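Coordinate analysis (summary)
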Amino acid sequence: MGIEERIITRGRKFDQVLEGARRVFMREGFAGASVDDIAREAAVSKATLYNYFPDKRLMFDAVFREELERQRVDGTELVATDLPIDQVLRFTGHLIANHAVSEFGSRTLRLAIAEAERFPALAREYYVIGPAALQCTLAEQLKRWQDEGMLRGNIPDLGLAAECFVSLSAVGVRERVLLKGRDSVDDDMIRRSVDNAVEMFLSHYGTDAARDLLRC
């Protein structure tokens, strides 16, 4: 029987157990997390823990799916079509960069990468709900700007253009946080990273009307 087919028992201490497991898995990863540590973190007995989750894999699956729901992109936050294109891109870029350097964003990414081989379905779901959904939402907005004459009409792949902007906004600060810790990135570095992403993106994909906004 696969993980997805097993029934999880829910009860009065279910959320308490899940939160304790989340803290341990985020801190130690799957292999490093022991059932004893999780029970201690959740302040429950091992018998109570096993009553909800018969094995550790099932527990990890439940925890990571909770994190995936927090990761899910709300497209309404990413675009504000009544603002000029450069302002919308800056707003979107700051959302992307700040999520990338947040404790939640960086820890979830680390866990997804570390456990991708052990939990491939969860890793794929992470990509679909997070990066892929974000790029799809942004690509739809790029098409609207294209129709309004703010982006070149001959862009061959709007999805790739959206992926380019996401990468430009986040890659520098994300790698610093993953490799050097959150203290290695400050607000000024995020601002400069996003400003650079907007300038490079519009310089390549924007029309003269869009590039004129950068000079204002």
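As shown above, the structure is provided for reference.
Residues numbered from 1 in each chain as written. Predicted model: local features only at pLDDT ≥ 70, side-chain atom pairs only at ≥ 80, totals over all residues. Heavy atoms only, no water.

1. A closer look at the environment of Ser-193
Keep this limit in mind: The way it works is that DSSP assigns letters per residue, a run of H or I at least four long becomes a helix, a run of E at least two long becomes a strand, and they are numbered from the N terminus. Buried means the residue's accessible area, taken with a 1.4 Å probe over protein chains only, is under 20% of the maximum for its type, while exposed means over 50%, and partly exposed covers the values in between. Between two residues, a contact is recorded if the distance between any of their heavy atoms is within 4.5 Å.
Along the polypeptide, Ser-193 turns up in helix α9 (residues 187–205). Look at Ser-193 and you get buried, because its relative accessible area is 14%. A C-alpha to C-alpha distance of 41 Å links Ser-193 and Phe-14, two positions 179 residues apart in sequence. In this structure, Ser-193 is in contact with Leu-168, Ser-169 and Val-173, ignoring residues within four places of it in sequence.

2. Re the nonpolar core
Put simply, the rule is: Definition of nonpolar core: a set of buried residues of the types Ala, Val, Leu, Ile, Met, Phe, Trp, Tyr and Cys, connected through side-chain atoms within 4.5 Å.
Core analysis: the biggest nonpolar cluster contains 33 residues, and Leu-142, Leu-151 and Phe-201 have the highest contact counts within it. Residues in contact with Leu-142, not counting those within four places in the same chain, are Leu-151, Leu-158, Ala-161, Ala-162 and Phe-201.

3. Looking at the packing of helix α1 (residues 14–32) against helix α2 (residues 35–42)
To keep things clear, this is the line we draw: In this analysis, axes come from line fits to C-alpha atoms, helices being fitted only over the stretch in contact, and the angle between any two N-to-C directions falls in the range 0 to 180 degrees. Note on convention: the crossing is left-handed when the near helix lies turned anticlockwise from the far helix by less than a right angle, right-handed when the turn is clockwise. The classification used treats Ala, Val, Leu, Ile, Met, Phe, Trp, Tyr, Cys and Pro as nonpolar, Asp, Glu, Lys and Arg as charged, and all other residues, Gly among them, as polar.
As a packed pair, α1 and α2 sit with axes 8 Å apart at the nearest point and diverge in direction by 145 degrees. As α1 runs across α2, the sense of the crossing is right-handed. Note on element contacts: α2 touches α1 through Asp-37, Ile-38, Glu-41 and Ala-42, opposite Gln-16, Val-17, Gly-20, Ala-21, Arg-23, Val-24, Phe-25, Arg-27 and Gly-32. Taken together, the residues of the contact of α1 with α2 break down into 6 nonpolar, 3 polar and 4 charged.

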